[in-house]
Amino acid sequence: MNDNNTITYIFLAILLLLVIIICYMIYQLIEAKKAKEDIEKSFYALEVKVNDLQLENLESKLNPHLFKNILNSIQSHAYQTYFALDKLANVLDYILYESKKKFVTAKEEIDFALNLIEINKIKISPLFELKIKTNINKEDKLYDQPLLAPLISIDLIENAFKHADLQSADAFISVVFEFKDNAFFMTVSNKISAKKVLKKERSGFGHATLEHRLRIIYKNHFKLDKFIENDVYIAHLKIDLLEYKTEMLTSGR
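Please read all numbers here as calculations on a predicted model, not as lab measurements. (Residues numbered from 1 in each chain as written. Predicted model: local features only at pLDDT ≥ 70, side-chain atom pairs only at ≥ 80, totals over all residues. Heavy atoms only, no water.)

Trainee: How would you summarise the overall build of the chain if you had to cite specific residues and measurements?
Mentor: Assigned secondary structure in the chain consists of six helices and five strands. When the helices and strands of the chain are read in sequence order from the N terminus, they spell out α-α-α-β-α-β-β-α-β-β-α. By the burial criterion, 37% of the 253 residues in the chain qualify as buried. Residue pairs in contact within the chain that sit at least 24 positions apart in sequence constitute 76% of those at least 6 positions apart. (Helix = DSSP H or I, 4+ residues; strand = E, 2+ residues; numbered from the N terminus. Buried < 20%, exposed > 50% of the residue type's maximum accessible area, 1.4 Å probe, protein only. Contact = heavy atoms within 4.5 Å.)

Here it is in structure tokens:
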């Protein structure tokens, strides 16, 4: 009888020890998970700060760069200055006020881009083929929601006017804005000049800035394709705003 009691006590002691060990391991796992979550939160907060600083640095370079290009256009075509200044007023309002926001609506960005194109039109002959098209689904709920980074359209537009063949009879610039299926689309194409384009200081600033901003803000929720086909340069940008908004809501950004 005593032997049975002894065995029972030993078994219970071992069982209790196992329970204590298991509870301790569970506690350690919970603490490790909490520590991991804290580290991830700290890393995310640091990443956000770094990204914000990078964006501030990019935007501080972007606005003067844009001002310089616009003013050069107007100065070189004084006879159209009155019309250009009217459009410039709208562009400056957008740069000074709307671009300070983290996001703007697709409508606001497209309106800004159309004004910017009107300013750039003074560089070209009235006979030059400039095709502007908008295909907007205004019923899309995301169209009037602030989800687009301001000034996201300028680099592709300025690049087209800078590198287009403005002299050739078959030259053209085409800009298409679309908003459908919860996504923003922008396609810019232009006939490439046969003349060798002189490399200017910071000539690659625009594209580097655009791609950098897109990566920081939209992560993998955008696609930027650039290619040449039959002497026509084509740039196509798609930003999936629904996927991006979903990720923002999930991450609590």
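Trainee: Can you tell me about the environment of K133, naming the residues and giving the values?
Mentor: Within the secondary structure, K133 sits in strand β1 (residues 129-136). Leaving out residues up to four positions away in the same chain, K133 has contacts with V175, V176 and F177.

Trainee: I'd like a rundown of a nonpolar patch on the surface, residues and numbers included.
Mentor: Taken together, I10, I14, L17, L18, I21, I22, Y24, M25, I26, Y27 and I30 make up a surface patch of nonpolar side chains, about 1,100 Å² in accessible area. We classify L17 as partly exposed; its relative accessible area is 48%. (Patch = residues over 30% accessible without salt bridge, like charges linked within 9 Å, V, L, I, M, F, W, Y side chains within 5 Å. Areas by Shrake-Rupley, 256 points an atom, 1.4 Å probe, with all protein chains shown as cover. Salt bridge = Lys/Arg side-chain N within 4 Å of Asp/Glu carboxyl O.)

Trainee: Hey, could you go over the sheet that holds β1 for me, with residue numbers and the actual values?
Mentor: The five strands are arranged β1-β2-β3-β5-β4 in an open sheet whose pairing can be described as mixed. With partners counted over all chains shown, the strands left at the sheet margins are β1 and β4 (222-229), one partner each. In this sheet, neighbouring strand axes are inclined to one another by 5° on average, regardless of whether the strands run parallel or antiparallel. Helix α3 (residues 106-120) rests against β1, β2 (172-180) and β3 (183-191) of the sheet, and its axis sits at about 170° to β2. Contacting β1, β2, β3 and β5 (232-240), helix α4 (residues 154-163) runs over the sheet at an angle of about 5° to β3. (Pairing = 2+ DSSP bridges. Axes fitted to C-alpha atoms, helices over the stretch in contact; angles between N-to-C directions.)

Trainee: Describe the packing of aromatic side chains, with residues and values.
Mentor: Counting across every chain of the model gives four aromatic pairs. Each member of the aromatic cluster is reached from another via a ring pair, and the members are F103, Y218 and Y244. Above the face of the F172 ring, K131 is positioned so that its terminal group lies 4.7 Å from the ring centre. (Phe/Tyr/Trp six-rings, centres within 6.5 Å; stacked < 30°, edge-to-face > 60°. Lys NZ or Arg CZ within 6 Å of the ring centre and 35° of its normal.)

Trainee: Could you give an account of α3, naming the residues involved and the relevant values?
Mentor: The terminal C-alpha atoms of α3 lie 21 Å apart, and with 15 residues this matches the ideal 21 Å at 1.5 Å per residue to within 8%. When we look at burial in α3, the residues that qualify are A106, E109, I110, F112, A113, N115, L116, I117, I119 and N120. (Expected span 1.5 Å × (residues − 1).)

Trainee: Tell me about the nonpolar core, and name the residues and values.
Mentor: Of all hydrophobic cores here, the largest spans 48 residues; its most connected members are F177, F184, M186, Y218 and L241. Breaking this core down by element, the ones donating at least two residues are α2 (81-96), α3, α4, β2, β3, α5 (205-218), β5 and α6 (241-251). Not counting the four nearest positions on each side in its chain, Y218 is found in contact with F103, L147, L148, A149, R213, I239, L241 and Y244. (Core = buried A, V, L, I, M, F, W, Y, C linked by side-chain atoms within 4.5 Å.)

Trainee: Pulling in residues and values, what's your account of α4?
Mentor: Where burial is concerned, most of α4 is hidden: eight out of the ten residues are buried. All buried positions along α4 are accounted for by I154, D155, L156, I157, E158, N159, A160 and F161.

Everything listed here is a matter of coordinates, which is why it stays silent on function.
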